[in-house]
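Working through the structure, step by step
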Amino acid sequence: MDFDVKDPNLAQAGRYKIEWAEQEMPVLKAIRERFAKEQPLKGLRVSACLHVTSETAALMRTLQAGGADIVLSASNPLSTQDEVAASLVANDEIPVYAIKGEDNATYYKHLNAALDHHPQITMDDGCDLVSVLHKERKGQIKEVLCGTEETTTGVIRLRAMAKDKALKFPVLAVNDSMTKHYFDNRYGTGQSTLDGVIRASNILLAGRTVVVSGYGWCGRGVASRARGLGAHVIVTEVDPMKALEALMDGYQIMPLKEAAPKGDVFITVTGDKNVIDGEHMRVMKDGALISNSGHFNAEINIPALEKLSRGAPRQVRPFVQQYSLKSGRKINLLGEGRLINLAAAEGHPAAVMDMSFANQALGAEFMLKNYKGMKPNVYTIPEDVDREIARLKLESLGCKIDTLTEEQAAYLASWEEGT
Ligand code: ADE
């Protein structure tokens, strides 16, 4: 079996990590048990390009239980947990191509190794796999039946491809499920981003000013967790609706240019590029920390930071590069501007990935049953599947809820009764 991981001897540590995560993933466990019996993915070649974490390992083991023939590559050069990669290879016989800290050339070599598997289903996080397939390996596209996409950034890219008529097979936007973005993007990104900032810097957030750029589901989570730790939070936005919501949620709103000299910690979660630019970094406080939790490392203009600096940065702690500006000030870049929650911490906790990856597993099953009637476009999981995931999650948490009486259900379906 071909693979490329850092060190196969890490497999036992990876196994413990995966077991630890799986305890927190009861919905995925129930799916895995059914998949083992029903074999809905029997013999299908799946190429997955996901963050190689213990939670992703639980998903890979679920797909494998359902009969899939899987290969996994990293979806970011810095997010791989090397021990998990080793365990999947040694204990589950899943070929993995992922090494934490790999350079860009190795990252793309690994993506291509996943495509050498000739997938019938693609499972992507950020759309790099699908993008390479459509740009560089067109001859293989006809072999693909359907795909799934995990994240906001990937879904945005896919919709752009569909609009340009460039997309050649149907893809399920897992991110559009309510049981994904309400929970993973908000509570997962919220907690794990602060975890990453703290693990990298060990700074006290209480009393500090944290500037959060972007108030989508991820931004909401990050801002609320920063406030929970006692920070004074400023939100920057370009969308008036989101800015208004942030204002009424109790945050200060202002343009980033105004926030730049006020902030101690900056966190971008916009999905766009050059959000923190040279003009902002030039006026930041001495010692400011800048970080990104969006999918790509494009949100902070690192070349502009380099231009403002005197010489190369110093690696003052793991995941902290300190730039000395020509002005005499210092700026600390966390996690090379890559998603800080996976670079310096362990990504979202398993309890939330349980729902995201239940959507991936059920989404793959759904697409496989339905792809023949679908156009090359972006699809959403049916609402009843989404609600069933929520129901199973609640049940696993020992939480019961009310049901409508017949009278109440009839009332909601009628229009005659009024005041
Ligand atoms: N994205 C964010 N957190 C993650 C995790 N723990 N595993 C896989 N993908 C993730």
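Residues numbered from 1 in each chain as written. Predicted model: local features only at pLDDT ≥ 70, side-chain atom pairs only at ≥ 80, totals over all residues. Heavy atoms only, no water.

1. Quick look at the overall build of the chain
Looking only at helices and strands, one finds 17 helices and 15 strands in the chain. With respect to the three principal axes, the spread of C-alpha positions in the chain is 70 × 65 × 45 Å. Taking all 419 residues of the chain together, 54% fall into the buried category. For the chain, restricting intrachain contacts to residue pairs at least 6 apart in sequence, the fraction spanning at least 24 positions comes to 71%. Of the roughly 18900 Å² of accessible surface on the chain, 52% is carried by carbon and sulfur atoms. (Helix = DSSP H or I, 4+ residues; strand = E, 2+ residues; numbered from the N terminus. Buried < 20%, exposed > 50% of the residue type's maximum accessible area, 1.4 Å probe, protein only. Contact = heavy atoms within 4.5 Å. Areas by Shrake-Rupley, 256 points an atom, 1.4 Å probe, with all protein chains shown as cover.)

2. Structural notes on helix α6 (residues 128-136)
Since there are 3.6 residues in each turn of an α-helix, residues three or four apart along the chain are aligned in direction. A large share of α6 lies buried, amounting to 7 of its 9 residues. Listed in full, the buried residues belonging to α6 are D128, L129, V130, S131, V132, L133 and H134. Packed against the buried residues of α6 are β1 (45-50), α5 (104-115), β4 (121-124) and α7 (152-163).

3. Details of a nonpolar patch on the surface
A grouping of L244, L247 and M248 is seen on the molecular surface, where their side chains present a nonpolar patch of about 340 Å² in accessible area. Relative to the elements of secondary structure, L244 occurs in helix α10 (residues 240-248). (Patch = residues over 30% accessible without salt bridge, like charges linked within 9 Å, V, L, I, M, F, W, Y side chains within 5 Å. Salt bridge = Lys/Arg side-chain N within 4 Å of Asp/Glu carboxyl O.)

4. Some thoughts on the pattern of salt bridges
Applying the stated criterion across every chain yields a total of 22 salt bridges. Across the salt bridge formed by R199 and D195, the nearest N and O atoms sit 2.9 Å from each other. With a gap of 4 residues between them, R199 and D195 both fall in helix α8 (residues 178-201), about one helical turn apart. Judged by its relative accessible area of 26%, D195 is partly exposed.

5. Focus on the side chain of N185
Within the secondary structure, N185 is located in helix α8. On the basis of relative accessibility, which here comes to 3%, the residue N185 falls in the buried class. Polar contacts involving the side chain of N185 include one to the side chain of N175, which spans 3.2 Å. (Polar contact = N/O pair within 3.5 Å; in protein donor to acceptor, adjacent residues only side chain to side chain.)

6. Section: the nonpolar core
L59, M60, L63 and V96 are the most contacted members of the largest nonpolar core, which totals 49 residues. Broken down by secondary-structure element, the contributors of at least two residues to this core are α1 (11-22), α2 (26-38), β1, α3 (54-65), β2 (69-74), α4 (82-92), β4 and α15 (350-370). If you tally residues by element for this core, the top one is α15, at 11 residues. What L63 contacts, discounting residues up to four positions off in sequence, is L41, A68, I70, M123 and A361. (Core = buried A, V, L, I, M, F, W, Y, C linked by side-chain atoms within 4.5 Å.)

7. A closer look at the site of the ligand
Close contacts around the ligand come from H51, T53, E55, T56, L342, E346, G347, H348, M353 and F357, and that covers them all. Backbone polar atom of H348 to a nitrogen atom of the ligand: 2.8 Å apart, as the coordinates give it. In isolation the ligand has 260 Å² of accessible area, and contact with the protein removes 94% of it. For the shell around the ligand, the elements supplying multiple residues, two or more each, are α3 and α15. Looking at the shell around the ligand, its residues break down into 3 nonpolar, 5 polar and 2 charged. (Near = heavy atom within 4 Å. Nonpolar A, V, L, I, M, F, W, Y, C, P; charged D, E, K, R; others polar.)

8. A few points about the sheet that holds β4
The sheet built from 7 strands is open, its strands ordered β3-β2-β1-β4-β5-β6-β15 with parallel pairing. Each of the sheet's edge strands pairs with one partner strand only, and the pair in question is β3 (96-97) and β15 (378-379). The strands that α5 touches are β1, β2 and β3; relative to β2, the one it contacts most, it runs at about 170°. This element, α15, spans β1, β4, β5 (146-149) and β6 (171-173) of the sheet and lies at about 155° to β5. (Pairing = 2+ DSSP bridges. Axes fitted to C-alpha atoms, helices over the stretch in contact; angles between N-to-C directions.)

9. Re the pairing of β1
The buried fraction of β1 is high, at 5 of 6 residues. Alignment of β1 against β2, held across 6 bridges, turns out to be parallel. Bridge pairing links S47 to V71 in β2. Direction of pairing for β1 relative to β4: parallel, over a ladder of 4 bridges. From the neighbouring strand, V46 faces β4, where its bridge partner is I121.

10. Side note on the sheet that holds strand β7 (residues 209-213)
Strand order across the open sheet formed by 8 strands is β9-β8-β7-β10-β11-β14-β13-β12, with mixed pairing between neighbours. Whereas interior strands pair on both sides, the edge strands pair on one side only; in this sheet they are β9 (252-253) and β12 (314-317). Pairing of β7 with strand β10 (residues 265-268), which is carried by 4 bridges, proceeds in the parallel orientation. Following the sheet pairing, V210 is matched in β10 by V265.

11. Some details on the state of the cysteines
Considering all chains together, one arrives at 0 disulfides under this definition. In this model C146 remains outside any disulfide bridge; the closest cysteine sulfur is found in C127, 15 Å from its own. (Disulfide = S-S within 2.5 Å.)

Honestly, that's just the spatial picture; any functional story needs more than this.
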